[in-house]
Amino acid sequence: MKVAESNVQPALDSTLAGDLYRIVTDLYPICRSITGDGVRETLRHIQNIVPLSICEVPSGTRVFDWTVPREWNVRDAWVKTLDGDRVIDFRESNLHVVNYSVPVRARVSLAELKRHLHTLPEHPTWVPYKTSYYAETWGLCISAERLRTLNDSEYDVCIDSTLEDGHLTYGECYLPGESKNEVLLSCHICHPSLCNDNLSGISIATFLGQWLSRLPRRRLSYRLLFIPGTIGSITWLARNQDKVDAIRHGLVLTGLGGPGGLVYKRSRRTDAFIDRAAVNVLRHWSQDSEIRDFTPYGYDERQYCSPGINLPVGCLSRTPYGEYPEYHTSADDLSFVTADRLADSYRACRALIEVLEGNATYLTLNPMCEPQLGRRGLYGAMGGAAESRRHEMALLWVLNLCDGDHNLLDVAERSSLSFDAVRNAAVLLEEHGLLQQVHAQKADARLEHTRGNG
Ligand SMILES: [Zn+2]
């Protein structure tokens, strides 16, 4: 499938775009998996930017229907000719070893070796990314081009790995706000050298965490999870069932540095506040952004949205997994993600969080016909004609719908204006004594009321 270049908006500033890309570059060489030292090294790096607790859960721990697996670590892997030349070399790329391969050291025939090799014939220069988490086997991945050069009758194979009792490691950052109601931001940290599917989500979650941790005031509380995919979210949910009820909004962040417009996948509830907020932000973001319905496949939203958990958690990406040929291959590398696209995704996440933070219910103080805006200098205060018109419409919609029963997102939806425009109008009208915030927590109270109905 051909992916169109998206209308990426200019970066917030070049430093931010550079920071977002730099962490991708820094973490790229590390061989991560669902457990092991690669995850720990990654989390230590993130800890330099966000206050993160690192949790270790022993192998064998039962988590709902699953069991925390044994810990996997790999030091080296190779295939050598009998003359000692490395024809497949882990040091060249960690994708060459099938993730979770059991250790092996053997001399094998070419036919036997081929039974353990994975290639991508349709992209002969790329190396596929393969895992074998729950089946004990070993394997190596190479380009189809390289495979064609293997003509000897025998080769020496070594996978210097360990698969033994240890721990599953994840990182968690809790940032308390004025309300105990939480926003969950979750990303997976279990892929080795893959940039879009993995490091882009880590980068954006990390810098959102840094921004949130520095905010002078947070209305909501935030919980960031850096977890191995599937088993990590299952483990966190199994160990934190008492915390689940406080989660009012959630977002899985992944695939945010590659091509294509932003894609939001709704939560299982389909019309939760986070779903409505994402629809509003993306509709006003760029023409190629897209909203998709929930499906029980994908990333950790599968677990957060399982029927017994049923959290309002959506998933934000650019072109989704499996819809770009570079997905799960060596071509998802440092050239596949760009600093500008990372920054664009980051800005969209911030806009979404600003809806969660900034939503409120107001009451017009002048409900008997329209107040005279011209007298107060509120008409035509903006630049161009179109902008002035939008501004004027935002003022009129806010004055009309802010009767104490509609919050700002309701107004934005009804008026087809961006939340941002509606909020700016409300702030301006409040400054002019025409509007009063009724109940800062009213939106939360409404969510409280609807929780569990999904
Ligand atoms: Zn993946």
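So, here's what we can say about the structure. This structure is a prediction, so every number in the text was calculated from the model and none was measured.

**Considering the coordination of the zinc ion**
Part 1: Distances from the zinc ion to its protein donors, His191 (NE2), Asp197 (OD) and His328 (NE2), fall at 1.9 to 2.1 Å.
Part 2: Within one chain, the residues donating to the zinc ion are spaced in sequence as H-x5-D-x130-H. Here His191 is found in the loop between β11 (182-188) and α5 (195-214), whereas its partner His328 is found in the loop between β16 (313-317) and α9 (339-358), with 137 residues between them in sequence.

**A look at the pairing of strand β12 (residues 221-227)**
Part 1: The element β12 is largely enclosed, with a buried count of seven among its seven residues.
Part 2: On β12, burial covers both faces: Ser221, Arg223, Leu225 and Ile227 on one face and Tyr222, Leu224 and Phe226 on the other are all buried.
Part 3: In this structure, strand β10 (residues 167-175) lies alongside β12, joined through five bridges in antiparallel fashion. Note that in β12 the partner of Tyr174 across the bridge is Arg223.
Part 4: At this point the chain moves from β11, through α5, to the parallel β12, and the crossover so formed is right-handed.

**Structural notes on the packing of aromatic side chains**
Part 1: Evaluated as defined, the whole model comprises nine aromatic pairs.
Part 2: With 5.9 Å between their ring centres and 85 degrees between their planes, Tyr324 and Tyr327 make a pair best called edge-to-face.
Part 3: Joined through ring pairs, the aromatic side chains of Tyr297, Tyr299, Tyr321, Tyr324, Tyr327 and Phe336 make up one cluster.
Part 4: Stacked on the ring of Trp78, the Lys or Arg Lys80 has its end atom at 4.1 Å from the ring centre.

**Some thoughts on the pairing of β11**
Part 1: Among the seven residues of β11, seven are classified as buried, and the element is accordingly described as predominantly covered.
Part 2: Residues Glu182, Leu184, Ser186 and His188 of β11 are buried on one face, and the alternating residues Val183, Leu185 and Cys187, pointing to the opposite face, are buried as well.
Part 3: In this structure, β11 lies alongside strand β13 (residues 247-253), joined through five bridges in parallel fashion. Across the sheet, Val183 pairs through a bridge with His249, a residue of β13.

**Details of the nonpolar core**
Part 1: Counting residues in each nonpolar core, the largest one holds 79 residues, and the members touching the most others are Ile204, Leu208, Phe226, Leu253, Leu316, Val398 and Leu429.
Part 2: In terms of residues, this core owes the most to one element, α9, which gives ten residues.
Part 3: Here Phe226 is in contact with Leu43, Ile46, Leu52, Tyr170, Gly171, Cys187, Ile189, Ile202, Ala205 and Thr206, once residues within four sequence places are set aside.
Part 4: One finds Cys55, Val68, Val127 and Val252 within the second-largest nonpolar core, a separate group that totals 57 residues.

**Some points on unusual backbone geometry**
Part 1: Even without a glycine there, the phi angle at Asn310 is positive, about 50 degrees.
Part 2: Following the sequence through the fold, Asn310 ends up in the loop between α8 (301-304) and β16.
Part 3: A relative accessible area of 8% means that Asn310 is categorised as buried.
Part 4: Here the phi dihedral of His328 falls at roughly 55 degrees; this positive angle occurs in a residue that is not glycine.

**What to know about the sheet that holds β12**
Part 1: Read across the sheet, eight strands follow the order β1-β10-β12-β11-β13-β16-β14-β15 without closing on themselves; strand pairing throughout is mixed. In this open sheet, the two edge strands, each paired with only one partner strand, are β1 (53-58) and β15 (290-292). Sheet twist, expressed as the mean angle between neighbouring strand axes with direction ignored, is 20 degrees.
Part 2: Here helix α2 (residues 37-47) sits on the sheet in contact with β1, β10 and β12, set at roughly 15 degrees to β10.
Part 3: Each of β13, β14 (263-265), β15 and β16 is contacted by helix α7 (residues 273-283), which is oriented at about 165 degrees to β14, the strand it contacts most.

**Structural notes on the pattern of salt bridges**
In a structure, side chains of opposite charge can pair up when their charged atoms sit close to one another.
Part 1: Counting across every chain of the model gives 23 salt bridges.
Part 2: As a salt-bridge pair, Arg223 and Glu172 come within 2.6 Å of each other at their nearest N and O atoms. A residue pair is termed long-range when its members are at least 10 positions apart, and Arg223 in strand β12 and Glu172 in strand β10 qualify at 51 residues.
Part 3: By relative accessible area, Glu172 is classed as buried at 10%.
Part 4: Measuring nitrogen to oxygen at the nearest pair gives 2.7 Å for the salt bridge that ties Glu323 to Arg292. One end of the pair, Glu323, is in the loop between β16 and α9; the other, Arg292, is in strand β15, and 31 residues separate them in sequence.
Part 5: On the basis of relative accessibility, which here comes to 26%, the residue Arg292 falls in the partly exposed class.
Part 6: One salt-bridge network, held together by shared partners, links Asp37, Arg40, Glu56 and Glu71.

**So, the packing of α7 against α9**
Part 1: Look at α7 against α9: their axes get within 9 Å of each other, and the N-to-C directions meet at 130 degrees. Regarding the angle of α7 to α9, the classification is oblique. Judged by the sense of rotation from one axis to the other, the crossing of α7 with α9 is right-handed. Residues Phe273, Ile274, Ala277, Ala278 and Val281 of α7 form the contact with α9, whose own contacting residues are Ala348, Ala351, Leu352, Val355 and Leu356.
Part 2: Here the contact of α7 with α9 is built from residues that sort into ten nonpolar, no polar and no charged.

**Quick look at the environment of Asp403**
Part 1: Inspection of the secondary structure assignment puts Asp403 in strand β18 (residues 403-407).
Part 2: A relative accessible area of 37% places Asp403 in the partly exposed class.
Part 3: The residues contacting Asp403, other than those within four sequence positions of it, are Tyr362 and Leu363.
Part 4: Separated by 3.0 Å, the side chains of Asp403 and His406 make a polar contact.

Rules and cut-offs
Throughout this description, residue numbers start from 1 for each chain and increase along the sequence as written. This being a predicted model, a pLDDT of at least 70 is required before a residue's local features are given, and a value of 80 or more before pairs of side-chain atoms are given or counted; all residues contribute to the totals for chains, interfaces and linings. Note that water and hydrogens are dropped before the side-chain values are worked out from all heavy atoms of the structure. Metal donors were taken as nitrogen, oxygen and sulfur atoms no farther than 2.8 Å from the ion, or 3.2 Å where the ion is Na, K or Ca. Water is excluded, so coordination may look unfinished. Runs of H or I in DSSP of at least four residues are treated as helices and runs of E of at least two as strands, each being numbered from the N terminus. Under the scheme applied here, a residue whose accessible area is under 20% of the maximum for its type counts as buried, over 50% as exposed, and between as partly exposed, the area being computed with a 1.4 Å probe on protein chains only. Any two strands with at least two DSSP-identified bridges between them are counted as paired. Assignment of crossover handedness uses the view with strands pointing away from the viewer, where a clockwise path from the first strand over the helix to the second indicates a right-handed crossover. Only the six-membered ring of Trp is used, alongside the rings of Phe and Tyr, when aromatic pairs are assigned; centres must lie within 6.5 Å, and planes under 30 degrees apart are stacked while those over 60 apart are edge-to-face, with the rest tilted. Criterion for a charge above a ring: Arg CZ or Lys NZ at most 6 Å from the ring centre, at most 35 degrees from the ring normal. In these notes, a set of buried Ala, Val, Leu, Ile, Met, Phe, Trp, Tyr and Cys residues joined through side-chain atoms within 4.5 Å is what counts as a nonpolar core. Residues are treated as being in contact if the distance between any of their heavy atoms lies within 4.5 Å. Where helices are involved, their axes are fitted lines through C-alpha atoms of the stretch in contact, as for all axes, and angles between N-to-C directions lie from 0 to 180°. Put simply, a salt bridge is a Lys or Arg side-chain nitrogen that is within 4 Å of an Asp or Glu carboxyl oxygen. Here is the rule for angles: anything less than 35 degrees is roughly parallel, anything more than 145 is roughly antiparallel, 65 through 115 is roughly perpendicular, and the remaining ranges are oblique. What makes a crossing left-handed is the near helix being turned counterclockwise from the far one by less than a right angle; a clockwise turn instead makes it right-handed. Amino acid classes used here: Ala, Val, Leu, Ile, Met, Phe, Trp, Tyr, Cys and Pro are nonpolar; Asp, Glu, Lys and Arg are charged; the rest, including Gly, are polar. Polar contact criterion, stated in full: a pair of N or O atoms within 3.5 Å, where within protein one must be able to donate a hydrogen and the other to accept it, and residues adjacent in sequence count only if both atoms are side-chain atoms.

Any functional reading would require information that these geometric values do not contain.
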